[in-house]
Structures are given as C-alpha cells and as structure tokens.
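# Examining the three-dimensional arrangement
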Amino acid sequence: MREPDVPDTAPEIRRTTCYMCACRCGIDVHVAENRVHHIEGNRAHPVNRGVLCAKGSAGVMQHLSPARLRAPLRRTGPRGSGEFREISWEEALGIAVNWLEPIREQHPERLAFFTGRDQSQALTGWWAQQFGTLNYAAHGGFCSVNMAAAGIYTMGGAFWEFGAPDWERTRLLILFGVAEDHDSNPLKIGLGKLKARGARVISVNPIRTGYSAIADQWIGITPGTDGLLILSLVHLLLTSGKIDLAYLMRFTNAAWLVDQDPASPGFGSFLRDSEGRELAWDPARHRAVPAADVARPALSGGFNVGPTHVKPVFALMAEAYLDPALAPEAVAPACGIEPEVIHRLAAELADTAFNHPITLDRPWTDHCGKRHETMVGRPVAMHAMRGIAAHSNGFQTCRALHLLQLILGTVETPGGFRFEPPYPKPVSAHPKPHHKVTPGYPLDGPQLGYPRGPEDLAIDADGRPKRIDHAFSWEAPLSAHGMMHMVIANAARGDPYPIDVLFLYMANMAWNSSMNTAQTIGMLTATDATGVYLIPKIIVADSYSSEMVAYADLVLPDTTYLERHDCISLLDRPISEPDAAIDAIRWPVIEPERPGAEGVRGFQSVLLDLGVRLKLPGMVDANGKAIYRDYADYMVRHQRRPGVGPLMGWRGEDGTGTGRGAPNPKQLARYIEAGGFHIAHVPEEAAFFKPWNRAYQDWAVKIGIYDTPQPYLFQLYVEPLARFQAAALGHGPHQPPDALRERLARAMAPLPVWYPPLSDTDTDTYPIHAITQRPAAMYHSWGSQNAWLRQIHGENPLYIPGALWESLGFEPGDFARVVSPHAEIRVPVARMDALNPATVWTWNAIGKRPGAWSLAPDAPEATRGFLLNHLIPETLPTGLSNSDPVTGQAAWYDLRVRIERIPAEARSAPAFPSEMSPVPRAPKLVKFRAG
Ligand code: SF4
C-alpha cells in the first residue's frame with residue numbers, strides 16, 4: 001500500500017478551469033506544498049456557479065494517476081510492444097525536427113497532424129497551417145460535426161457551445177439524443193430550473209438514462225429514425241397551419257425564389273439580380289424584386305421570371321412535407337413509437353408555441369433601423385447531441401431539427417433557443433477549406449472550413465481526394481471538421497498517397513477512438529516488403545499511458561490539466577452563455593513533478609518550441625529567434641487580427657479593453673485574480689434576435705467578434721447543398737464520379753430529408769441496433785482509469801431490452817455473442833426495460849487493453865469491460881467510409897447486430913495480449929487523505 005502524502009500547511013485556493021469533461025466549469029483547487037488537497041466548484045463562475053460533478057472532484061485522482069507519463073520516450077521494441085527508453089527533451093525534439101524538417105521542405109502533406117479531445121485548435125490549426133500541411137483536423141469528424149455543420153449552414157450555430165435553451169422562460173424542452181456529455185453542469189442546472197418552474201421536459205432517446213430518467217416524458221425511439229419523427233412533426237404542424245409565418249418571412253429565406261428550371265445553369269440556386277441580391281415574388285407588383293424590398297412576398301405558387309421557372313422556398317417546403325408518407329401512421333413503425341405519441345407531441349408543441357407566447361417589454365432596433373417596442377417569443381426549446389448526429393443520416397436529421405425550431409419561430413426569441421457569442425455566425429463569416437501545398441511555405445489558409453459549392457472541394461484535377469482523410473472530397477463534401485477516423489486506414493493504404501509522419505495529440509486511435517479497433521492496430525504495425533512500417537513514423541503526445549502510446553515511435557509527454565496553461569478562447573471554443581461572451585484560462589496551479597524522470601511539458605508550449613526549431617513563420621522573427629517564450633506568452637501576445645488575440649479580457653496596455661486592444665503583459669495575472677475567466681455581458685436590448693439586432697451586431701463588432709456587422713437570414717433551404725445536388729444531377733463544370741451521383745443527389749438535398757442509415761442493407765440478418773452512451777461519471781477514455789471513478793464503472797455489461805432478454809432466454813450472469821456484418825464480440829449482459837425494444841447498448845470507452853493505463857492486466861476494465869468498436873467497420877462494402885455522406889461524420893450509431901445467449905465466459909472477447917506500459921504499474925491500494 002502506498003501511504004498518502006499529507007501536506008502540513010493549510011491549503012490555499014487556486015482558481016482554474018476543470019478539464020474532466022468538455023464543459024469547462026470553474027474550479028477551486030485547494031493546494032498545499034504543490035499538492036492537490038481537494039477540488040470544489042467555483043461559486044462565482046458563470047458556467048457552473050459552484051456545481052461540481054463526480055468527475056470534477058475526481059480530478060484529484062486524474063492528477064495523481066499512476067498512468068501519467070514521466071518523460072519523453074523513444075520506442076525500443078517492436079511497435080505495440082510498449083517497450084521504450086526514456087530520453088531527454090532535447091533528444092526528443094531533435095528527433096522530431098529530424099523527421100519533420102525534410103518533409104516540410106519537400107512534401108509538407110506527408111505530415112498528418114490530428115488532435116483528439118483537444119481545446120486548443122486555434123493554436124494547433126495555425127501551427128499545421130504554418131508548417132504547410134493540409135492534413136490537419138481535430139476530433140470533430142468522429143464526434144459531432146453533423147450537429148455543428150447542420151447548425152452553421154442552417155442558422156449560423158448549433159447546440160452546446162453555440163447556444164442554449166432560454167432556461168428562464170422555456171415552458172417545453174425537448175432533448176434529442178442527449179446523454180450525459182457536452183455541457184454537463186449547465187444542462188443539469190438548467191433542468192433544475194425548469195423542474196422548479198414546472199416546465200415540461202421530453203427526452204427522445206432509445207435509452208432511458210441520465211436526463212431521460214428525469215424527463216416528464218421519455219420517447220424510446222429506434223436509433224437512426226429521429227429525422228423521420230421530426231419531419232412527421234413538421235408535416236403535422238404544416239398540415240394544421242401551426243407555424244409562425246411572420247417569423248419565417250422576416251427571419252428566414254422562406255420567400256426567396258429558387259430556380260426550378262432543369263435546363264438552367266442556375267438550377268436549384270436562388271434567383272438573384274445583377275447586384276447579387278436574392279429575389280422574392282411581389283404579388284402586388286407581379287414581379288420578382290429584391291427580397292428585402294417586399295413586405296409581403298409570395299410564399300406559395302410558381303412563377304416565370306424571363307425564361308426561368310421559380311418557386312419560393314416555402315412552396316418547396318409545402319410540397320416536401322405535406323407528403324402523406326410523413327404522416328405519423330406512416331412513420332411510426334420505423335420509429336418504434338405509436339402514431340398517437342407523434343400526434344400528441346405535435347399538439348403540445350403547437351399549444352406551447354402559439355397559445356403561450358412570451359412578450360418582453362424590451363425595445364430593440366433591427367438591422368434595417370426599425371424600432372420594435374417588445375420582444376415576442378415562443379417558449380419551446382430544443383437541445384440535441386451526438387445521439388442524432390452520429391448516423392449516416394445525421395446531418396439531415398440535425399437540419400430537420402433546426403427546420404422544426406424555425407417553423408415554430410423559436411430561435412433567438414424569448415423562451416426558445418439562444419445563441420452564445422461568438423455565435424450566431426453565418427457560413428459567410430467562416431473560411432472555406434484551403435488545400436494548396438507549397439513545399440517550404442505555409443498552406444494558403446486554414447485547412448478546415450465550410451465549402452460553398454463543388455469548386456471548394458479539396459480534390460485534384462481527376463476528382464481524387466487531396467487530403468489523407470478524404471475530407472472535402474466527393475465522398476463527404478462538407479466535412480468541416482475533417483475525418484480523423486479514416487486517417488490510419490487511408491495512410492496504411494497510401495490512399496491518396498503515403499505519409500511519412502503521423503502526429504497525434506490526445507487521440508486514442510489504437511483503441512476506443514477508432515472503428516475496427518483490432519484491424520486498426522494491425523495497420524499501425526503493418527510493414528511493406530522491406531520491413532518498413534506502412535506508416536513510417538508516429539509521434540504521440542498525451543498525458544497518460546493510453547493504448548495509443550504503445551504504438552508511438554516517439555512520445556511527447558503532456559502535463560495534467562492542473563499543471564499547464566490553456567486558453568478557452570473566443571477564437572476557438574469558448575464557454576459563453578447567451579447573455580455573455582466568456583473566455584477562460586487554465587494555469588499551472590501545481591508545478592509538474594515527475595521525480596526521477598526528465599519530466600513533462602505542456603503540449604502547446606512544446607508545439608511552439610518545435611515550430612521555432614523548424615523555423616515556422618509566425619513562430620520565429622527575422623533572425624530565427626523565438627517570438628513566443630511559451631504558450632502562456634503566446635496567449636498574451638499573439639494577435640490573429642490587429643488588437644484581437646486568444647484572450648478577450650483586460651486587453652490594451654492599461655488593461656481596460658475587452659475584445660480589442662494591444663497585448664497586455666499583465667493579462668494572465670488579471671485572469672488569475674478574477675478566478676480564471678473573463679465575462680463581457682451582452683447589453684439587454686441585444687439579448688435576443690441577435691442575427692438582426694443592431695445593438696447585438698454593434699456590440700459584437702466592439703468586442704472583436706466581427707469586424708463589421710453581419711446580419712443574415714436563417715437558411716431553411718441551403719444553397720451550397722443545392723449546388724452539390726445540381727452537380728450530381730449533371731449541372732456545372734465540377735462533376736462527381738458517376739458512382740457517387742445517386743448518393744450525392746439524395747444526401748445533398750437542400751431541404752431536410754430522411755433516408756435510412758447507409759449500412760442498413762441486411763436488416764433481416766442483423767435486426768438489432770447497438771449503440772453506446774457516455775456515463776455521467778466518465779468523459780474521456782482516461783476517466784475509466786481514475787481511481788475514484790472506476791469504482792463507479794469498472795466494467796460495462798451489454799444492456800438488453802426485457803422482451804428480447806426473455807425471448808432469448810438470458811439469465812443473470814450470462815454472456816452474449818454479438819455479431820455484426822464485420823466482426824463478433826462475446827460480452828457480459830444485463831437486463832434493462834427502459835430501452836427501445838430493438839436496441840442493445842453499453843457504456844462508452846470503459847473497456848481497456850490489458851497493460852495499458854497502468855492498470856493490472858486482470859483489472860475488470862480489461863477482462864469484463866469491452867468496446868463495441870470491434871464490430872464497426874471504418875469502410876462500408878462500397879469501399880466508402882462508414883460516415884455521413886455530407887459531412888464525413890463517423891456513423892458510430894448505425895451499427896446493427898444479431899445476438900445470442902452463451903454461457904458465462906471468463907472474460908470478454910476479443911481479448912488482446914497485454915502490452916508493456918512505459919510507466920510503473922499502479923499500487924494495489926492507495927490511501928488518499930485530504931487533511
Ligand atoms: S461538468 Fe465537466 S467541467 Fe464541470 S465539474 Fe464536471 S467534469 Fe468538470
């Protein structure tokens with residue numbers, strides 16, 4: 001047993017930002033003698049107001065984890081053996097420079113740099129751009145890019161970091177596919193407010209856990225059919241006329257005219273005048289005029305403008321959604337719910353929205369200069385997450401949900417859904433993807449962005465992907481966050497070309513972050529005929545001895561989140577609330593100590609150091625000297641635009657500026673004094689109608705979010721989608737391969753549609769859906785090695801719905817053989833009745849490989865814990881990735897299986913050989929005493 005070190009001195013409180021999940025609450029870390037005593041919630045913090053979850057308090061054990069890396073490592077045994085020698089930082093960075101320097105001079109694209117659950121994309125993306133590679137992305141492609149992209153293209157923002165329900169005024173909240181994950185404490189606090197006010201909460205989710213368990217109504221939908229349910233609600237609301245037409249006319253493109261002439265070069269696009277203004281039909285003047293110039297445009301019918309036949313967007317919506325195929329009776333069997341449930345839900349939405357409007361006596365002025373005396377809203381709010389997004393029809397499902405919000409008039413109005421600065425931000429305010437590689441020079445712009453049409457794809461003259469992950473190709477045109485789940489498979493195949501260095505940060509790609517885990521491991525160790533690895537060099541930066549570390553050739557050890565600087569920036573993924581822009585920092589509340597070893601360094605500082613050694617522009621001055629001392633210095637002095645840097649608070653030499661201003665050398669000290677965050681309140685008159693509210697637009701310019709006001713209309717009909725669809729139908733100079741035309745024509749529909757998940761090809765043989773959920777107690781894969789948290793979830797049974805359990809004759813203690821078209825697993829089971837009858841599920845990322853994470857090889861996580869990942873192929877039989885065809889989002893939840901009862905086995909299968917760990921094995925028992 002290892003005895004605890006108990007500090008003699010009383011602890012002092014150091015305020016920083018939690019990183020035990022992506023929610024980023026404020027925490028009070030009680031520290032004495034450079035040791036963590038305990039962690040509390042920061043009561044003054046706007047995100048969590050003192051609330052601390054189990055994960056947050058268990059940050060103590062994350063910091064003390066025996067799996068923490070201690071020194072840079074160089075592989076000595078075969079890849080995957082876990083055999084390393086500790087080396088100095090000088091040697092480690094020297095090796096990295098030796099590998100990267102020649103690549104930059106000759107083939108910068110042969111560096112593939114991908115980051116996982118990181119929150120410093122503003123830095124990592126810039127670094128990769130300065131290096132010159134187009135092969136960069138973060139983890140969004142295998143997380144929730146469908147949610148983000150659907151929101152950006154439709155409304156200029158989505159859920160989670162983009163916006164939140166109006167917790168103070170909402171009367172009805174519907175959660176779609178939300179487990180305990182992003183936005184954890186704010187959701188709990190918000191749900192508490194709704195419950196206290198007697199507001200209704202409905203959860204649509206195949207599994208009744210977490211938020212679904214406290215909902216007033218749970219709708220146990222069949223996975224992958226949320227879009228069908230939502231479009232059926234749209235059908236009922238349109239049929240009954242329960243839609244907010246005034247809102248649609250003022251704030252959306254409902255009236256814009258769409259070219260319907262298949263012979264026209266603009267087929268599917270908006271009709272515009274010579275000045276590029278979108279046109280609407282003015283019934284009074286019997287002609288098309290700029291949409292902004294007509295108060296009561298036509299919303300129905302069709303018109304001829306010169307030789308072109310056109311229709312308003314709303315008319316196309318009516319044609320699409322009045323279709324009887326969307327009636328509840330028609331969709332209910334597929335959704336696994338009764339038609340009556342859909343009827344009642346539509347009636348409740350209509351009643352809440354239209355019989356209980358909210359009026360705030362708060363004058364505001366719109367972007368045209370018109371003053372309004374009140375703010376009127378409809379108290380229906382939605383929130384959605386990965387449950388609806390991680391399907392191959394997820395993008396269109398997320399779009400459908402935004403359509404539902406918009407026809408009810410509930411976005412950016414009191415009682416509805418509200419954006420959080422820097423959102424709303426239309427597509428036009430985002431970059432396009434850049435992919436022009438020039439050896440020895442930076443890339444021509446940011447790698448990631450939002451294509452406006454086929455001309456923005458990252459493809460070569462023959463239409464083949466330019467990126468290693470095939471993002472922004474015809475396979476997934478709008479892959480705004482990249483397709484990280486395809487990098488290893490494509491790199492091993494050399495498709496479209498071989499890479500030299502795979503550089504991963506915080507991404508456990510040899511285990512729970514990859515589909516097809518066993519074969520992915522094989523790809524990491526595969527060699528060519530000469531014995532050279534197909535992926536020749538792998539650099540991994542991580543804090544812990546994860547499964548992926550064993551497959552690295554060079555390991556750069558990161559600190560824990562209590563030991564480094566971090567920047568939760570408005571340039572990246574801030575922690576704003578609808579009434580305030582908020583950013584935050586982490587800072588070393590504990591100095592890193594790894595006794596007897598070289599020690600660890602914050603990855604962001606290491607990246608900048610590497611940039612200096614590689615002499616990357618922006619990181620060195622004219623004399624080749626470092627511009628930034630380290631990441632902390634970068635956070636203060638780096639400027640993306642004049643006066644606008646990573647942190648918005650206390651800018652200017654006197655520290656009085658917010659958002660804009662010269663770098664302030666005392667900025668970090670001011671953040672620390674203030675509790676680790678800065679808050680800039682949205683003025684009262686700017687609090688709603690943000691895309692059209694002059695006060696909001698002016699405020700956003702003042703604090704540096706925009707450089708000029710950016711008013712815009714919500715896009716019910718998305719023209720970039722229409723342009724890809726038109727290309728698939730043969731229009732325009734940029735043409736997809738014939739094999740993809742049909743799929744593109746269906747998936748790139750400019751109005752939301754539903755289609756079955758792409759891998760649903762043999763549903764008779766594989767009738768059961770299999771999905772995962774994130775538990776409340778764990779977030780990253782690293783949570784399941786946390787000494788406190790693993791006492792909550794040390795293993796993860798496969799939960800089987802009651803009727804299926806009985807029909808297959810399961811008994812407690814049994815195992816199941818679970819077979820997908822790709823592979824099989826054998827795992828322990830448990831019965832659960834609050835579950836969709838055609839669905840089995842388990843907790844995410846509990847299973848561990850023996851030997852990893854400093855756990856004993858016979859730890860329950862390694863013997864009874866398991867992953868569904870083994871069952872999920874990264875490539876479909878068509879040869880295309882197992883992804884959404886619009887965004888490339890990994891289709892984790894499309895998995896279909898068949899199951900059978902088998903007697904209990906000694907351990908879950910497949911079982912993997914134990915790997916050696918470069919850190920010492922954890923002691924059997926650790927005592928921890930806080931005072
Ligand atoms: S919700 Fe997330 S960020 Fe907040 S205390 Fe819990 S783990 Fe930390």
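Right above here is the structure, for reference.
As a starting point, this report considers the structure included with it. (Residues numbered from 1 in each chain as written. Predicted model: local features only at pLDDT ≥ 70, side-chain atom pairs only at ≥ 80, totals over all residues. Heavy atoms only, no water.)

Next up on the list: the overall build of the protein. Helix and strand counts for the protein stand at 24 helices and 34 strands. Over its C-alpha trace the protein gives a radius of gyration of 27 Å, about what one expects of a compact globule, namely 30 Å for 931 residues. Projected onto its principal axes, the C-alpha positions of the protein cover 85 × 75 × 60 Å. A buried classification covers 65% of the 931 residues belonging to the protein. Here the analysis covers contacts within the protein between residues at least 6 apart in sequence; of these, 71% occur between residues at least 24 apart. Surface accessibility of the protein: about 31300 Å² in total, with carbon and sulfur atoms responsible for 52%. (Helix = DSSP H or I, 4+ residues; strand = E, 2+ residues; numbered from the N terminus. Rg over C-alpha atoms; globule rule 2.2 N^0.38 Å. Buried < 20%, exposed > 50% of the residue type's maximum accessible area, 1.4 Å probe, protein only. Contact = heavy atoms within 4.5 Å. Areas by Shrake-Rupley, 256 points an atom, 1.4 Å probe, with all protein chains shown as cover.)

So, about the pattern of salt bridges. What the rule picks out here adds up to 51 salt bridges. We note a salt bridge from glutamate 719 to arginine 272, for which the minimum N-O separation is 2.8 Å. In this pair, glutamate 719 sits in helix 21 (residues 719-728) while arginine 272 sits in the loop between strand 12 (257-259) and strand 13 (279-282), placing the two residues 447 residues apart along the sequence. Residue aspartate 469 is joined to arginine 467 by a salt bridge in which the shortest nitrogen-to-oxygen separation is 2.9 Å. Neither residue differs from the other here; aspartate 469 and arginine 467 are each classed as buried. (Salt bridge = Lys/Arg side-chain N within 4 Å of Asp/Glu carboxyl O.)

Bringing helix 5 (residues 145-155) into the picture now. Extensive coverage of helix 5 is indicated by the burial of 11 of its 11 residues. Regarding helix 5, the residues found buried are Val145, Asn146, Met147, Ala148, Ala149, Ala150, Gly151, Ile152, Tyr153, Thr154 and Met155. Where the residues of helix 5 are buried, they touch strand 21 (380-384), helix 13 (386-389), helix 14 (394-407), strand 22 (417-419) and helix 21. In the segment just after helix 5, glycine 156 is the residue with positive phi, at about 85°.

We now examine the nonpolar core. Counting residues in each nonpolar core, the largest one holds 195 residues, and the members touching the most others are Trp127 and Phe503. Sort the elements by how many residues they give to this core and helix 3 (residues 89-106) lands first, with 9 residues. What phenylalanine 503 contacts, discounting residues up to four positions off in sequence, is Leu111, Ala112, Phe113, Phe114, Ile539, Leu556, Phe603, Leu607 and Leu610. Ala158, Ala280, Val289 and Phe395 belong to the second-largest nonpolar core, a separate cluster that totals 111 residues. (Core = buried A, V, L, I, M, F, W, Y, C linked by side-chain atoms within 4.5 Å.)

Below, the discussion takes up the side chain of asparagine 205. Looking at where asparagine 205 falls in the secondary structure, it is placed in the loop between strand 10 (200-204) and helix 7 (210-214). A residue is classified by how much of its surface remains accessible, and asparagine 205, at 3% relative accessible area, is buried. Apart from the residues lying within four places of it in its own chain, the contact partners of asparagine 205 are Gly177, Val178, Ala179, Ser212, Trp218, Ile219, Gly220, Ile221 and Gln773.

With that out of the way, let us pick up the site of the ligand. Near the ligand, the surroundings consist of Cys18, Met20, Cys21, Cys23, Arg24, Cys25, Leu52, Cys53, Lys55, Gly56, Ser184 and Asn185. For the shell around the ligand, the elements supplying multiple residues, two or more each, are helix 1 (54-57) and helix 6 (184-197). Here the residues of the shell around the ligand sort into 7 nonpolar, 3 polar and 2 charged. (Near = heavy atom within 4 Å. Nonpolar A, V, L, I, M, F, W, Y, C, P; charged D, E, K, R; others polar.)

Another point: the side chain of glutamine 447. Mapped onto the fold, glutamine 447 is located in the loop between strand 22 and helix 15 (487-493). In this structure, glutamine 447 is in contact with Gly125, Ala128, Gln129, Thr133, Leu134, Tyr136, Pro433, His434, Arg467 and Phe472, ignoring residues within four places of it in sequence.

Now for unusual backbone geometry. Cis rather than trans, the peptide bond between tyrosine 423 and proline 424 has omega equal to 15°. With respect to the helices and strands, the residue proline 424 is situated in the loop between strand 22 and helix 15. With an omega dihedral of 5°, the bond running from alanine 909 to proline 910 counts as a cis peptide bond. One can find proline 910 in the segment after strand 34 (896-902). Of note, histidine 286 is a non-glycine position whose phi angle comes to about 55°, a positive value. Locating histidine 286 in the fold gives a position in the loop between strand 13 and strand 14 (287-290). Since its relative accessible area comes to 61%, histidine 286 is described here as exposed. With a phi close to 65°, histidine 470 is a non-glycine residue in the positive phi region. Looking at the element boundaries, histidine 470 is found in the loop between strand 22 and helix 15.

Pairing in this open sheet of 3 strands is antiparallel, and the strands run 26-27-28 from one edge to the other. Looking at which strands have only one partner, the edges of the open sheet turn out to be strand 26 (566-568) and strand 28 (677-681). The mean angle between the axes of side-by-side strands here comes to 10°, regardless of whether they run parallel or antiparallel. Sheet topology note: the strand 27 (residues 580-586)/strand 28 ladder contains 5 bridges and is antiparallel. Bridge pairing links alanine 584 to phenylalanine 677 in strand 28. (Pairing = 2+ DSSP bridges. Axes fitted to C-alpha atoms, helices over the stretch in contact; angles between N-to-C directions.)

Further remarks concern the environment of threonine 413. Take threonine 413: it is sitting in the loop between helix 14 and strand 22. Of the residues examined, threonine 413 reaches a relative accessible area of 1% and is grouped as buried. As a C-alpha pair, threonine 413 and arginine 378 span 35 residues in sequence and 6.8 Å in three-dimensional space. In contact with threonine 413, other than residues within four places in its own chain, are Tyr247, Val376, Gly377, Arg378, Phe688 and Phe689. Here glycine 409 takes part through its backbone oxygen, which lies 3.2 Å from a polar atom of the side chain of threonine 413. (Polar contact = N/O pair within 3.5 Å; in protein donor to acceptor, adjacent residues only side chain to side chain.)

Strand 16 (residues 308-312) sits mainly inside the fold: 4 of its 5 residues count as buried. Pairing between strand 12 and strand 16: 3 bridges, direction antiparallel. Across the sheet, the residue bridging to valine 258 is lysine 311, located in strand 16. Bridging between strand 15 (residues 303-305) and strand 16 involves 3 bridges; their strand directions are antiparallel. Bridge pairing in strand 16 places phenylalanine 303 opposite valine 310. The antiparallel hairpin formed by strand 15 and strand 16 contains 2 residues in its connecting segment, where glycine 306 sits at a positive phi of about 60°.

Right, let's talk about the packing of helix 11 (residues 328-335) against helix 12 (residues 339-355) for a bit. Put simply, helix 11 and helix 12 touch, their axes get as near as 8 Å, and they point 115° apart. For the crossing formed where helix 11 meets helix 12, the hand is right-handed. Packed against helix 11, whose contacting residues are Pro328, Glu329, Val331 and Ala332, the element helix 12 presents Pro339, Ile342 and His343 at the interface. (Left-handed = near helix turned anticlockwise from the far one by under 90°.)

This part is about helix 17 (residues 603-613). Quick reminder: α-helices carry 3.6 residues per turn. Residues three or four places apart thus point the same way. Counting buried residues in helix 17 gives 8 out of 11 residues, a clear majority hidden from the surface. Listed as buried for helix 17 are Phe603, Gln604, Val606, Leu607, Leu608, Leu610, Gly611 and Val612. Where helix 17 ends, the next residue or the one after it, lysine 615, has phi of about 60°, a positive value.

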